[in-house]
Amino acid sequence: MNTAAALHIPKTRKMAFTRRARVLFNFSIHDSFIGSNVNVSSTFTPLRWSSLSSIRGQDYTHQHHHHNRNQGDPPEPHCGTWEITSFAPPRGDTDFTTTLCYNYVKPLPQIRSPDEVLVRVHATSVNPLDVLMCYGYGNELLEKLDFLTSTRCRASNVSFDRLPLTLGRDFSGIIVDKGCNVKNVEINDTVMGAVPPYKQGCHSHYVIAKDSEVIRKPQNISHNEAACFPYAGLTALSAITTFGGLNETNCAGKRVLVLGGTGGVGSIVVQILQNWNAWVATTCSADAIPWLQELIDVDQVIDYRSDGLSQYIQSFDMVIDCAKRTDGTSIDHQAYKCLKKRCSQYITINSPLLRNFDEKGLIQGALWNILKASQDGFGTLRDGIILRWAFYHPSYSGLKLLSQLVQKGAIKPIIDQVFPMDQLPDAYTKVRNGHLRGKTIIQIQS
């Protein structure tokens, strides 16, 4: 008696059962040779991506494309990725070569929702947030958001633990598979995008993202240049538009002071405001002033170590604070004095939101954030100034605007340094040390 008959499988399904059993057997054998001396690719016929997806029970989410892809072979069942398996102690001399581990046999990320895409990553970046997350920054809230938005909340063994954790937010790459509800992009499209901090990141050869988190890459920039924009650009737009209330129609003539104009977010803020005809002053270190003036046509550059801001008391309609802050405060008091005393705004991306959750827990942290925001808000309102905490949030319309600005040359990619994939820990060290001039890029594929 054959296997299908013994299991009482209807005749119409015998052939499908046999094919799936054969592919599953080959997949298991393939896995057993990973890390051995056997050349797996020469021993077994590579699995079709559609067959691999069906084994994992993902048939309903995929649109299977059986034509040959222009960008090479279908993805392998494993991909290399950098990850952390535990959080580092909060010290300034962390050795990221021991904190970050390279996993050679990380399972390929799976499409679990019909609105998701699988991207082969060509370039990514290291943000200051990635460095902070190595120490567990934001984990109290982010692990709960990760749990609520993932399939783990439907698992029998409930756990908030999301370690091992892959970091990285911005990426540029090529779509290699997509869910059946994805309409914005197609297989083989070259895209750029950003994954939210509560998701597994893109310091990997492959990443899963929502279709609303990616957009076609402008043709006038490379993968490395595209990796400068998505996360930093959406954070910049959030500060300018969502929390600052400025846009292309009402920005002309506004006087804006940007703290930290050479960083990944600050440099984009300056360029957007300049394109929208605001009068922009920014701060940076003295040695970076000639570099910044040559690269960006900014109206005024001020050495942040000098008393140059004292010349601008009550001169600005808005301050956008993108500077790295180590004292735990939300406000630069010297810059605060530069605001007009009526109908002006102080927008900061250095909010204590996640830090309060980490220190006080979810419930007390939420209450403390409300109290702190109220204290800061009422304190500044006495001076006729509105204080707002700005932060990144996913936005497809924001990605479209960034893409349009890049295509017409209104904002330029500013790259501090490019590291190869195997030197990613060195990139983390560079970002931790600060004084960056643009973005730190990781080139994964040439």
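Quick notes on the rules
The numbering scheme is per chain: residues are counted from 1 as the chain's sequence reads. The predicted origin of the model limits local features to residues at a pLDDT of at least 70 and limits the giving and counting of side-chain atom pairs to 80 or more, whereas totals for whole chains, interfaces and linings rest on all residues. Hydrogens and water are ignored here; the side-chain numbers use all heavy atoms of the structure. Exposure categories follow from relative accessible area, calculated using a 1.4 Å probe and restricted to protein chains: below 20% of the type maximum is buried, above 50% is exposed, and the middle band is partly exposed. The helix and strand labels rest on DSSP assignments: H or I over at least four residues marks a helix, E over at least two residues marks a strand, and numbering proceeds from the N terminus. Throughout, the arc means that of the directions going from the helix axis to the C-beta atoms. A carboxyl oxygen of Asp or Glu within 4 Å of a side-chain nitrogen of Lys or Arg is what we treat as a salt bridge. Strands are labelled as partners when DSSP assigns at least two bridges between them. Fitted lines through C-alpha atoms serve as axes, helices being fitted only where they are in contact, and the angles separating the N-to-C directions of these axes extend from 0 to 180 degrees. Roughly parallel here means an angle under 35 degrees, roughly antiparallel means over 145, roughly perpendicular means 65 to 115, and every remaining angle is called oblique. Crossings are assigned a handedness: left-handed for a near helix turned anticlockwise from the far helix by less than a right angle, right-handed for a clockwise turn. Contacts: residue pairs with any heavy atoms within 4.5 Å of one another. Patch members must show over 30% relative accessible area and no salt bridge, and they are joined within 9 Å when carrying like charges or within 5 Å when they are nonpolar side chains of Val, Leu, Ile, Met, Phe, Trp or Tyr. Each accessible area is a Shrake-Rupley result for a 1.4 Å probe, and residues are judged covered by the shown protein chains and nothing else. Each residue receives one of three labels: charged for Asp, Glu, Lys and Arg, nonpolar for Ala, Val, Leu, Ile, Met, Phe, Trp, Tyr, Cys and Pro, and polar for the others, Gly being one of them.

### Observations regarding helix α13 (residues 353-360)
Those residues of α13 that sit buried are L354, N356 and F357. In a view along the axis of α13, the buried residues occupy a sector of 160 degrees, so they form one face of it.

### Let's talk about the pattern of salt bridges
In this structure the tally under the stated criterion is 12 salt bridges. The salt bridge partner of D317 is K340, with a shortest N-O separation of 3.0 Å. Of this pair, D317 sits in the loop between β10 (300-303) and β11 (318-321) while K340 is found in the loop between α12 (333-336) and β12 (344-348), placing the two residues 23 residues apart along the sequence. Take K340: its relative accessible area is 30%, and that puts it in the partly exposed class. Beyond isolated ion pairs, a larger network of salt bridges with shared partners links E140, E143 and K144.

### Brief notes about the pairing of β12
Counting buried positions over the 5 residues of β12 gives 5, a clear majority of the element. Neither face of β12 is open: one carries S344, Y346 and T348, the other Q345 and I347, and all of them are buried. Two strands pair when backbone bridges link them, and β11 and β12 are joined in this way by 4 bridges, in the parallel orientation. Of the residues in β12, the one forming a bridge with V319 is Y346. Sheet topology places β12 next to strand β13 (residues 385-389); 5 bridges connect them, and they run parallel. Bridged to S344 within β13 is I385.

### Description of the sheet that holds strand β9 (residues 279-284)
Judged by pairing direction, the sheet is parallel, and its 6 strands sit side by side in the order β10-β9-β8-β11-β12-β13 without closing on themselves. In this open sheet, the two strands that pair with only one neighbour each are β10 and β13. Mean inter-strand twist for the sheet, computed between neighbouring axes without regard to direction, equals 15 degrees. Sheet topology places strand β8 (residues 255-259) next to β11; 4 bridges connect them, and they run parallel.

### A closer look at the packing of helix α9 (residues 230-243) against helix α10 (residues 264-275)
For any two helices packed against each other, the geometry is given by the interaxial angle and the distance between the axes. Between α9 and α10, the least distance of the axes is 8 Å, while the angle of their chain directions is 55 degrees. With respect to each other, α9 and α10 are oriented oblique. Seen from above, α9 lies across α10 with right-handed handedness. Contact with α9, carried on its side by A232, G233, T235, A236, L237 and I240, involves G264, V265, I268, V269, I272 and L273 of α10 and no other residues of that element.

### Section: a nonpolar patch on the surface
Where nonpolar side chains cluster on the molecular surface, the patch consists of L362, I363, L367 and I370 and spans about 420 Å² of accessible area. Tracing the chain through its elements places L362 in helix α14 (residues 362-381). On the accessibility criterion, L362 (34% relative accessible area) is partly exposed.

### So, unusual backbone geometry
In this structure, Q314 takes a positive phi of about 55 degrees despite not being glycine. By relative accessible area, which is 44% here, Q314 ends up partly exposed. Positive phi values are uncommon outside glycine, yet H435 reaches one of about 55 degrees. Among the secondary structure elements, H435 is positioned in the loop between α16 (424-433) and β15 (439-443).

### Points about the packing of helix α7 (residues 139-149) against α13
Between α7 and α13, the least distance of the axes is 7 Å, while the angle of their chain directions is 95 degrees. The angle between α7 and α13 places the two elements in the roughly perpendicular class. Within the contact between the two elements, α7 uses N139, E140 and L141 and α13 uses L354, F357 and D358. Among the residues forming the contact of α7 with α13, the class breakdown is 3 nonpolar, 1 polar and 2 charged.

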